[in-house]
Amino acid sequence: MKKRRFLSLLICALMLPVCAAPGAVPGAFAAQGETRLYNVYGDHMLFQQNEDAVFAGVAPAGTKIAVTLRDSSGSEVRSSEGTALENGTFTLSFKAPSGGFEAYSAQISANGSVFQTLSDIVFGELWLSSGQSNMEYILFGTPEGKQMKAEGKTGSGGIRILNVPHKMKDGVMIADSVPQTDVQGCSWFPADSEKVFEISAVAYFFAEDLIKKLDMPVGILNVAVGGSAIAPWISRQAIEGNPDVLSAMKKHKAYISLEEWDRSERSYYSDMTGLYNTKVAPLTNFRPAGCIWYQGETEIFAKNETSYYSQLFNLMQDSYTSLFSHSGGKLPFVFSQLAPYNYGLGPYGVTEFNEVFTSLVKEDSATRSEVVINDILPEYDADNHPIHPNNKKPVGERMSNCAFSLLYGGEAPSSSPYMTGAKVRDGSVFVEFANAGDGLMCGDDEIRGFSVYGDGGICVGAKAEIVSANTVRVYSDKVPDPKGAAYAVNSYISGVNLYSSYDNELYLPAASFGCGDSAITKLFDDADWLNCDTLAAWQCRDDKAGFKDVWKGNNASLSISDDRVQGKGSLKINGTGSFSAAAILYEEKDGAKLPYDSFDTDFKDYSAVSISFKNNGSSDITLKGIRIYGQTNLYFCPVCEESGRSSVVIPADSMWHEYTFNLNRLGFNGLEAGVLPNFVLGKAGKAELCFEGDNAEILCDGISFTPEGSSAAGSVISRIVSFFTGIFEKIRLFFINLF
């Protein structure tokens, strides 16, 4: 071990005098007079147009190296000459031609003799593709990729890909402690090759869309590694040169000195600088126009503070700007939010992390773009873990749309809309957005996903309307004096539908906000069972995902009706005698009831729940009560304000009626004492609507909660009084029933 450490220190010491010279890094020395280009060059490659086209490799010191670029007719177009340095490396360049589909060849000679010829070279727009598994996820894993292969189709020959492979040793992936100049086993290929099915799906769909927009070849340098954290993608030089980041990494026990690197086995996925050294540093002689980035799942599982991720991201962008000699400001980054998944942080964990990406765009909208994907219904197949949705095409296309506006003069917004401010006026919250394009648009009849909160900071669902090109009015009769608003605050939010617009069409979905609002004490869960728009909702637990029943009938048939008071539909319940419809908020697994992570099952902060019913039958129907179950068979029934009991009669008049049920007056297991307060509703497992009647057709919709009062002292006293009153009442009823 001491010998390995000494060798690492020796290599580092040898690097220092020449580290400023391109190519002067480990692996660069010529072996026995070897003369060659690095492996990152090859047939079918793409250079960034109108930038320096850099050629680098190894050769004996003093060797005269020359490169000649020839067009399809064989005429010389560009040339350059240089001499190999004492360390056995060479670097030479010429100004690249403007982009186009014409194929060129390059002859590289040593002391007048050609030693390598590259064919089918094109010039166009080159992009770095990086991140973790959702970026590495291959094209063949998508429905489009499977169909392409089944039909014998491939992609456009104008798309050129360099897949930088993993570094292996004895069958194990390894990362280097110091920056490398070259990569073994990599090669360029066009997308009309069979190899296309093994490339990043997001990167492919990005390139496929961008090549149509630009009418120009597009190249991808793909380095993504599944499961990777952000720290391995940043150089040691950048980290140690930034005192704030260095201090933060030491605080998180993520800093590894060069001396420590060889003391123990290093993680390919999480140890700082490793992936930069192995995969990114060898690309230093390329001049990408920007980077597409899809990463962050690892950071959610690590549960580090979001400011730490922002620090590392800022440093990564700055260091890549320098690494690739990017001219004209910072290297642009187009990044995706994270896919919906159970990250172990409850309904709002991924939303809170996604707000980090919004904050990064707010800091620098000129070189950064955020692609929101919370409106894309996750799709998985049996061969993949649920953290990997296979619908990558809309992600790649949205990245292309943003890149086109960010870099290439596109007139549409270059990033998803995000909240820039909120003003409270006349009982409403007016939320303003940036990047509205031609104006905010709703994808349906009404906007979904907004909530408001009052003094207590408890969010409840709210109505919303677009009142100007960039402003939405948010309001609720449950919160007459609102203090603020939130939007799309759920990891599995479905049906959110606020977009920017371009050319009179929906463009990019709006980013969520609210998780970072310190005034909010409880976020609102826009759950499907509240909207009554569907019988089944997308759910994900552990390694399984899919549509699972939310509403289930007992002695009743359930369906969705177009007749509604909100959303896309209402719950239609047909039954006779005693029948019910229940919202199931958990799944049973190995005898245990596990709450769905997309549902907020804590009702104790709400004072009331309102529900609209419509009786389409020929006779009145009795709602015997709403039963709210915990994780056992015990249940609580709130008192209906309109009837003064747990039950209420729904008249057969085919009209909508709204009823409000007091969650601070709860009966227990069928007893209608109505004195138990809402603190017993801390972990709901099921909400059941129980009816009595013949040949009934009941519509149910508009389920909405009212927040608990904002007076903390009054609330505490009220709960104490209610608690002891409830105990007394139960004892009294027990003896009455006993005798």
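Residues numbered from 1 in each chain as written. Predicted model: local features only at pLDDT ≥ 70, side-chain atom pairs only at ≥ 80, totals over all residues. Heavy atoms only, no water.

Chemist: So, the overall build of the protein: which residues are in play, and what are the values?
Modeler: Check the secondary structure of the protein and you find 14 helices and 39 strands. Just so you have it, the protein exposes about 29,500 Å², and 50% of that area is on carbon and sulfur atoms. (Helix = DSSP H or I, 4+ residues; strand = E, 2+ residues; numbered from the N terminus. Areas by Shrake-Rupley, 256 points an atom, 1.4 Å probe, with all protein chains shown as cover.)

Chemist: Requested: an account of the confidence of the model for the protein, with residues and values cited.
Modeler: For the protein, mean pLDDT is 88; residues scoring 70 or higher make up 90% of the total. Within the model, pLDDT remains below 50 along residues 731-739, and this stretch shows 2 contacts once partners closer than five positions in the same chain are excluded. (pLDDT = per-residue confidence, 0-100. Contact = heavy atoms within 4.5 Å.)

Chemist: Any chance you could break down the sheet that holds strand β24 (residues 484-487) for me, citing the residues and the numbers?
Modeler: If you walk across this open sheet you meet the 3 strands as β21-β20-β24, and the pairing is antiparallel. Looking at which strands have only one partner, the edges of the open sheet turn out to be β21 (460-461) and β24. Note: strand β20 (residues 450-453) against β21, 2 bridges, orientation antiparallel. Considered in β21, the bridge of S451 is made with G461. (Pairing = 2+ DSSP bridges.)

Chemist: Tell me about the pairing of strand β8 (residues 113-131), residues and numbers included.
Modeler: Looking at chain direction, strand β2 (residues 46-48) and β8 are connected through 3 bridges and run parallel. Residue pairing for β8: Q48 is matched across the bridge by G124. The pairing of strand β7 (residues 100-110) with β8 spans 7 bridges and is antiparallel. Within the sheet, the bridge partner assigned to Q107 lies in β8 and is T117. Counted between consecutive antiparallel strands, the loop separating β7 from β8 contains 2 residues, among which N111 sits at a positive phi close to 55°. Two elements, β8 and strand β13 (residues 218-222), share 5 bridges in a ladder whose sense is parallel. Bridge pairing links W127 to I220 in β13. Sheet topology places β8 next to strand β14 (residues 290-294); 5 bridges connect them, and they run parallel. Bridge pairing in β14 places G131 opposite Y294.

Chemist: Talk me through the sheet that holds strand β18 (residues 428-434); I want residue IDs and the actual numbers.
Modeler: Overall, antiparallel pairing links the 4 strands, which are arranged β17-β18-β23-β22 in an open sheet. Looking at strand neighbours, the two that pair on one side only are β17 (418-425) and β22 (463-468), the edges of this open sheet. Between one strand and the next, the sheet's axes are offset by a mean angle of 25°, whatever the strand orientation. Relative to strand β23 (residues 471-475), β18 is paired through 4 bridges, and the arrangement is antiparallel. Bridge assignment links F430 to a residue of β23, and that residue is R473. (Axes fitted to C-alpha atoms, helices over the stretch in contact; angles between N-to-C directions.)

Chemist: Which residues make up the nonpolar core, and what are the values?
Modeler: Most often, soluble globular proteins keep nonpolar side chains buried together rather than apart. Core analysis: the biggest nonpolar cluster contains 131 residues, and Y41, F55, L283, W293 and Y320 have the highest contact counts within it. In terms of residue count, the dominant contributor to this core is helix α4 (residues 201-214) (10 residues). With residues near it in sequence (within four places) discarded, L283 still touches V40, L128, L162, V164, L221, V223 and F324. Of all hydrophobic cores here, the second largest spans 76 residues; its members include A462, I573, A687 and L689. (Core = buried A, V, L, I, M, F, W, Y, C linked by side-chain atoms within 4.5 Å. Buried < 20%, exposed > 50% of the residue type's maximum accessible area, 1.4 Å probe, protein only.)

Chemist: Lay out the side chain of R236 in plain terms, naming residues and giving numbers.
Modeler: If you trace the backbone, R236 turns up in helix α5 (residues 236-240). Filtering out sequence-adjacent residues up to four positions away, R236 remains in contact with S177, Y255, I256, S257, L258, W261, M272 and T273.

Chemist: Before we move on, can you summarise the packing of helix α10 (residues 306-323) against helix α11 (residues 349-363) with the specific residues and values?
Modeler: With their axes 10 Å apart at the nearest point, α10 and α11 run at an angle of 45° to one another. Between α10 and α11, the angle falls in the class oblique. At the point where α10 passes α11, the crossing takes the right-handed sense. Seen from α10, the contacting residues are T306, Y309, S310, F313 and N314; seen from α11, they are E352, F353, V356, F357, S359, L360 and E363. Its residues assigned to classes, the contact of α10 with α11 comprises 6 nonpolar, 4 polar and 2 charged. (Parallel < 35°, antiparallel > 145°, perpendicular 65-115°, else oblique. Left-handed = near helix turned anticlockwise from the far one by under 90°. Nonpolar A, V, L, I, M, F, W, Y, C, P; charged D, E, K, R; others polar.)

Chemist: Tell me about the environment of T471, and please be specific about residues and values.
Modeler: By the secondary structure assignment, T471 is in strand β23. In sequence terms T471 and V431 are 40 residues apart; their C-alpha atoms lie 5.4 Å from each other. Apart from the residues lying within four places of it in its own chain, the contact partners of T471 are F430, V431, E432, L440, E465 and I466. Separated by 3.0 Å, the side chains of T471 and S468 make a polar contact. (Polar contact = N/O pair within 3.5 Å; in protein donor to acceptor, adjacent residues only side chain to side chain.)

Chemist: Go over the packing of aromatic side chains, please, and point to the residues and values.
Modeler: Overall, the coordinates contain 38 aromatic pairs when judged by the stated rule. Aromatic side chains Y629 and Y635 sit 5.2 Å apart centroid to centroid with 50° between the ring planes, which places their arrangement in the tilted category. Each member of the pair, Y629 as well as Y635, carries the same accessibility label: buried. Taken together, the aromatic side chains of Y276, Y309, F313, Y320, F324, F333, F335, F353 and F357 make up a single cluster linked through ring pairs. Here R266 stacks its cationic end above the ring of W261, 5.6 Å away from the centre of that ring. The cationic tip of K392 hangs over the ring face of Y137; the distance from NZ or CZ to the ring centre is 5.0 Å. (Phe/Tyr/Trp six-rings, centres within 6.5 Å; stacked < 30°, edge-to-face > 60°. Lys NZ or Arg CZ within 6 Å of the ring centre and 35° of its normal.)

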